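# Results of the structural survey
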Amino acid sequence: MTIQITSAFDSGNIIVGDINGTSAKLSIRKDKDSDFFQWFHFRVTCEVGDQLELDITGLKESAYPPGWPNYNACVSEDREYWGRAASSYDETVGTLSIRYTATSNIVWFAYFAPYSIERHHDLVAEAAATEGVTARTLGYSLEGQPIDCLTMGSGEKQVWLYARQHPGESMAEWWMEGALEMLTDPTDSQARLLLQKTTLHIVPNMNPDGSQRGHLRTNFAGTNLNREWHEPSAEKSPEVLCVRRAMDKSGVDFAMDVHGDEAIPAVFIAGFEGIPSITEKQLASYHNYRNRLAQRTPDFQTKLGYPTAAKGKANLSMSTNQVAERFGAVAMTLEMPFKDNRDLPDQEQGWSPERSKLLAHECLATLAELVDEI
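In this report, the structure presented in the accompanying data block is examined. (Residues numbered from 1 in each chain as written. Predicted model: local features only at pLDDT ≥ 70, side-chain atom pairs only at ≥ 80, totals over all residues. Heavy atoms only, no water.)

### Regarding the packing of aromatic side chains
Basically, it comes down to this: Geometry of aromatic contacts follows a simple scheme: Phe, Tyr and Trp rings, the Trp one being its six-membered ring, pair when their centres are within 6.5 Å, and the pair is stacked under 30 degrees between planes, edge-to-face over 60, tilted otherwise. Under the DSSP-based scheme used, a helix requires at least four consecutive residues in state H or I and a strand at least two consecutive residues in state E, with every element numbered from the N terminus. Remark: exposure states derive from per-residue accessible area (1.4 Å probe, protein chains only) relative to the maximum for the residue type, with buried under 20%, exposed over 50%, and partly exposed in between.
Following the criterion strictly, the structure yields 15 aromatic pairs and no others. Relative to Trp68, the ring of Phe40 has its centre 6.4 Å away and its plane inclined at 25°; by these criteria the two rings are stacked. Here Phe40, found in the loop between β3 (23-27) and β4 (41-45), pairs with Trp68, found in the loop between β5 (51-56) and β6 (73-76); they are 28 residues apart in sequence, far enough to count as distant. Taking the relative accessible area as the measure of exposure, Phe40 reaches 0% and is therefore buried. Judged by relative accessible area, which is 0%, Trp68 ranks as buried.

### Brief notes about the packing of helix α2 (residues 171-183) against helix α8 (residues 353-370)
What counts, and what does not: Axis definition: a line fitted to C-alpha atoms, over the contacting stretch in the case of helices. Angles run 0 to 180 degrees between N-to-C directions. The labels follow the angle: roughly parallel below 35 degrees, roughly antiparallel above 145, roughly perpendicular from 65 to 115, and oblique for the rest. Note on convention: near helix rotated counterclockwise from far helix by under a right angle means a left-handed crossing. Clockwise means right-handed. Residues are treated as being in contact if the distance between any of their heavy atoms lies within 4.5 Å. Amino acid classes used here: Ala, Val, Leu, Ile, Met, Phe, Trp, Tyr, Cys and Pro are nonpolar; Asp, Glu, Lys and Arg are charged; the rest, including Gly, are polar.
Across the interface, α2 lies against α8 with an axial gap of 7 Å and an inter-helix angle of 50°. As summarised for this structure, α2 and α8 are arranged oblique, according to the angle between their axes. Remark: the crossing between α2 and α8 carries right-handed chirality. Between α2 and α8, the contacting residues are Met171, Trp174, Trp175, Glu177, Gly178, Ala179, Glu181, Met182 and Leu183 on the first element and Pro353, Ser356, Lys357, Leu359, Ala360, His361, Cys363, Leu364 and Ala365 on the second. Among the residues forming the contact of α2 with α8, the class breakdown is twelve nonpolar, three polar and three charged.

### Some remarks on the sheet that holds β6
Inclusion rule: A pair of strands is considered paired only if DSSP assigns at least 2 bridges between the two.
Pairing within the open sheet is mixed, and its nine strands lie in the order β1-β4-β9-β6-β7-β8-β5-β3-β2. The sheet is open, and its two borders are formed by β1 (4-6) and β2 (15-20), each paired with just one other strand. With direction set aside, neighbouring strand axes in the sheet form an average angle of 25°. Direction of pairing for β6 relative to strand β9 (residues 106-110): antiparallel, over a ladder of three bridges. Of the residues in β9, the one forming a bridge with Cys74 is Ala110.

Take a look at the structure:
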């Protein structure tokens, strides 16, 4: 039997070339009106026991070629548990070769465990039904999808958590699911402390259009939202425009922008060291948070990460820099790996939805410990 392959579903992305028995040549569709591509998500229909040989070609031109070496594709047969399929990357030709023996008639493959728009709506609905949580629509995407925000807590300090500016970084919304599970648990003492001392504004998905379309990095207009924070527009980036307007109304004391990184095999945080108005107190609070998080969980580290900008050289079109500069906030970008965590490798799952959710608990617990300093 010849296998069949499709990506005609929420967040699907693959271009099917030649299929020969249980082997296939594939490529990745670019984001609409953009040259970015790296995210893939597709389904294979096959026979139980088929030894699938799936080659994704053309990756030398992908958004982040260093993301492919030592990367294993995510695979699931029930769309609940996501493991890893043995994969290898040929840098000379730019081909990722995925090998997997099917134990079901249908197998899903993805760059990371997907987080569907339907699951997003379930997440928002469940949180909104919790006492003390207010759901609001800050605005709409270019395709008319709501930019959901969940607000909770009664404290004076304003905390903003937001994710999936880059839609292919689906681990960011798994993190959000973990955060909301903790914050809506009335028995969690650290969550209760946060709700007492802060008001939290949580935007689980800032780019629903790109998420649904299977984009890596951009919205419907081909815009990278995390380069729009200095001057967002209704025409190119209404998603950023509505969130920034809401921030202007509330103010911001602490902000975390949740992402995933293609190449670096670790969890790390990037800060705002290069903003023009940086203060010693602001920077000290950031360093205290980062160091305390490293003490709390071995899944987080401070050795690997991005280089810091010199003072006055920060890119203010990026949200962390803009929010830190605009509000004097302690702001940061949290990055999780598409690969595995180098310090604590997991051969079966690599970095996973489960670890993303648990990391959210640690991030919020760290904030609870330091909330009086923020």
